[in-house]
Amino acid sequence: MSVPALVLYLLGLGLAFGCRSFAQWRATGDTGLRLDAGPVGSIGWWARLLFVAALLLGLAGPLAGLAGLAPITLVDHGWIQLVGLLLAVAGVLATLAAQLQMGASWRVGVDPGERTALVTGGAFALARNPIFTAMTATTLGLAMMVPTPVAVAAVVLLVVSIQVQVRAVEEPYLTRTHGVAYAGYAARVGRFWPGVGRRTVSGRNGVT
C-alpha cells in the first residue's frame, strides 16, 4: 500500500495547495496564501512550523514504507489498509470540497489586517473547521494504509499543529474581525465535529 499512499498524498497536497491556490488566483487575482506567520518564536510561528513538519512527516510515512521500515504489527492488516484507503480518498475529496465552499474567503494562513467574509454555510454549518477535519482524516487514512511509526507521528503532529493554529491564531483573529457574528456562529457550530467544541458567549462581543 506504500505506492498508493504516496500517490494519494501527493495528489491531496497538489489539490489542496497548488491547484486551489491557482484557482483562487484565476478567480480573484490573489493566491490566498498568507505565509507570514509572525515573528520567530510567536505562537503563529510555532503553529506554522509544526504544520510544515507534519506535512513532511506525512510524506515520509509512505516513503518509509517503500524503504522497508517495519509497520506496527498491531494494525498491519488488510482490512485496516482498505478502510484507510477509503478514508484517505474521502478526506482528499472533502478537503477540496470544503475549500471550494469558502470561495473568495479561502486563505492559507492569517493576515491580521485583512477582513474576509465569514463563511457559515455548507460544510461550515456542520463544523467551523471542516478543511482541517478532512485533512486529519486524510492523514489518518494514509497512516492506516502504511502503519509505520513515522506515519503515526505525522497524524499526532498534524492534530497538535491544527489545534494550536485554530485555538491560538485563527479563533482570536475571527473574534476580533467578526465580533458578534462569529460569537453566534461559534456558539452554534462545533469546532471540528458537529456539536463538539461550541464556544460560549462572554460579554457583548466575545466568545470563550
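First things first, this report covers the structure right here in the doc. (Residues numbered from 1 in each chain as written. Predicted model: local features only at pLDDT ≥ 70, side-chain atom pairs only at ≥ 80, totals over all residues. Heavy atoms only, no water.)

Observations concerning the pattern of salt bridges
The final tally for this structure, using the stated rule, is 6 salt bridges. Here R34 ties to E114 by a salt bridge, and the two come within 2.9 Å at their closest N and O atoms. Placement of the pair is R34 in the loop between α1 (2–28) and α2 (43–66) and E114 in the loop between α3 (78–101) and α4 (130–145), with a sequence separation of 80 residues. Residue R34 is classed as buried on the basis of its relative accessible area of 14%. Residue E114 is classed as buried on the basis of its relative accessible area of 17%. With a shortest N-O distance of 3.3 Å, R199 and E171 are connected by a salt bridge. Residue R199 is located in the loop between α6 (180–188) and β1 (201–202), and its partner E171 is located in helix α5 (residues 149–178); the two are separated by 28 residues in the primary sequence. (Salt bridge = Lys/Arg side-chain N within 4 Å of Asp/Glu carboxyl O. Helix = DSSP H or I, 4+ residues; strand = E, 2+ residues; numbered from the N terminus. Buried < 20%, exposed > 50% of the residue type's maximum accessible area, 1.4 Å probe, protein only.)

Observations regarding α5
Helix length check: α5, at 30 residues, gives a terminal C-alpha distance of 41 Å against a target of 44 Å (1.5 Å per residue), a fit within 8%. Maximal helix bending in α5 amounts to about 35 degrees, located at V166. Phi for G179, located one or two positions after α5, is positive at around 50 degrees. (Expected span 1.5 Å × (residues − 1). Bend = angle between axes of the 7 residues up to and from the residue.)

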